[in-house]
Amino acid sequence: MRITVGPERITAAHLPSLAALEAACFKEPWSEKSLALLLSPDAFGFAVTKEGRALSYAGMLTVLDEGQVTNVATLPDYRHCGLAGTVLDALLAEAAGRGIRTVSLEVRVSNVHALSLYRSRGFREAGRRVRFYTHPTEDAWVMIRTLSNDQNQGGNEIPPETE
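Presented here is a report on the structure given in the accompanying data block. (Residues numbered from 1 in each chain as written. Predicted model: local features only at pLDDT ≥ 70, side-chain atom pairs only at ≥ 80, totals over all residues. Heavy atoms only, no water.)

This part is about the sheet that holds strand β4 (residues 66–74). Pairing is mixed across the open sheet formed by seven strands, whose spatial order is β1-β2-β3-β4-β5-β7-β6. In this open sheet, the two strands that pair with only one neighbour each are β1 (8–9) and β6 (124–133). Here three bridges tie β4 to strand β5 (residues 102–108), and the two strands are oriented parallel to one another. Residue pairing for β5: glutamine 68 is matched across the bridge by serine 104. Each of β2 (43–50), β3 (53–63) and β4 touches helix α1 (residues 15–25); the most contacted strand, β3, lies at about 95° to it. Taken strand by strand, helix α3 (residues 83–97) contacts β1, β2, β3, β4, β5 and β7 (138–146), and its axis lies near 150° from that of β2. (Pairing = 2+ DSSP bridges. Helix = DSSP H or I, 4+ residues; strand = E, 2+ residues; numbered from the N terminus. Contact = heavy atoms within 4.5 Å. Axes fitted to C-alpha atoms, helices over the stretch in contact; angles between N-to-C directions.)

What follows is the structure, encoded as structure tokens:
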């Protein structure tokens, strides 16, 4: 199943639905209050909704020219439909437009679907955080992507390998 729909910038009206999405996806979900961080000047997010219900979202916090992806989440019934890619592409395009040069995120080492998505968008493993996650305890990959100033949505600039 493929759903084609454009992402919306997250607003305060999205927060209750995003909190419900978080609760459906994570054992330690972000609260509505925590999600409100995405409304601050140094943060942003995008959601795909259907009849006021968030189906998927992604958020980013920024400092200077660096961005940190907070979460990418999709309701279980809507996974593998391209929604996570849609919100991630919107997030990366907005980041590039704001002059963000480097974007990082953490992902469970066992989350093969998320790893595949992130790699398809130019992210590469840069390190490992031991026992980063709980419920269950698991390591995280730290993934990094470098953006270019002329970044287009869904682009794939990959940083050179470093030793």
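Having seen the model, we can carry on.
Of note, the amide linkage connecting histidine 135 to proline 136 takes the cis form, showing an omega dihedral of 0°. Position of proline 136 among the secondary structure elements: in the loop between β6 and β7. Of note in the backbone geometry, glutamate 51 takes a positive phi value of approximately 50° without being a glycine. Tracing the backbone shows glutamate 51 in the loop between β2 and β3. On the accessibility criterion, glutamate 51 (81% relative accessible area) is exposed. You will see that histidine 135, though not glycine, has its phi angle at about 55°, which is positive. With respect to the helices, strands and loops of the structure, histidine 135 is situated in the loop between β6 and β7. (Buried < 20%, exposed > 50% of the residue type's maximum accessible area, 1.4 Å probe, protein only.)

To continue, consider the layout of surface pockets. Considering only enclosed or pocket space, the largest pocket measures out at about 1300 Å³ in volume. As for the largest pocket, its lining consists of 39 residues, and the residues nearest its centre are Phe26, Asn71, Val72, Asn111 and Tyr118. (1 Å grid on protein atoms, 1.4 Å probe; cavity = no way out; pocket = protein on both sides within 12 Å on 5 of 7 lines; lining within 4 Å. Points joined across faces, edges and corners; volume = space filled by probe spheres on them.)

Right, let's get into the pairing of β4. When you tally the buried positions in β4, you get seven out of nine residues, the bulk of the element. With eight bridges joining them, β3 and β4 adopt antiparallel strand pairing. Bridged to threonine 62 within β4 is glycine 67. In this antiparallel pair of consecutive strands, β3 and β4, the connection spans two residues, and leucine 64 shows a positive phi of 55°. The parallel pair β4 and β5 is bridged by α3, and the resulting crossover is right-handed. (Right-handed = clockwise from strand over helix to strand, strands pointing away.)

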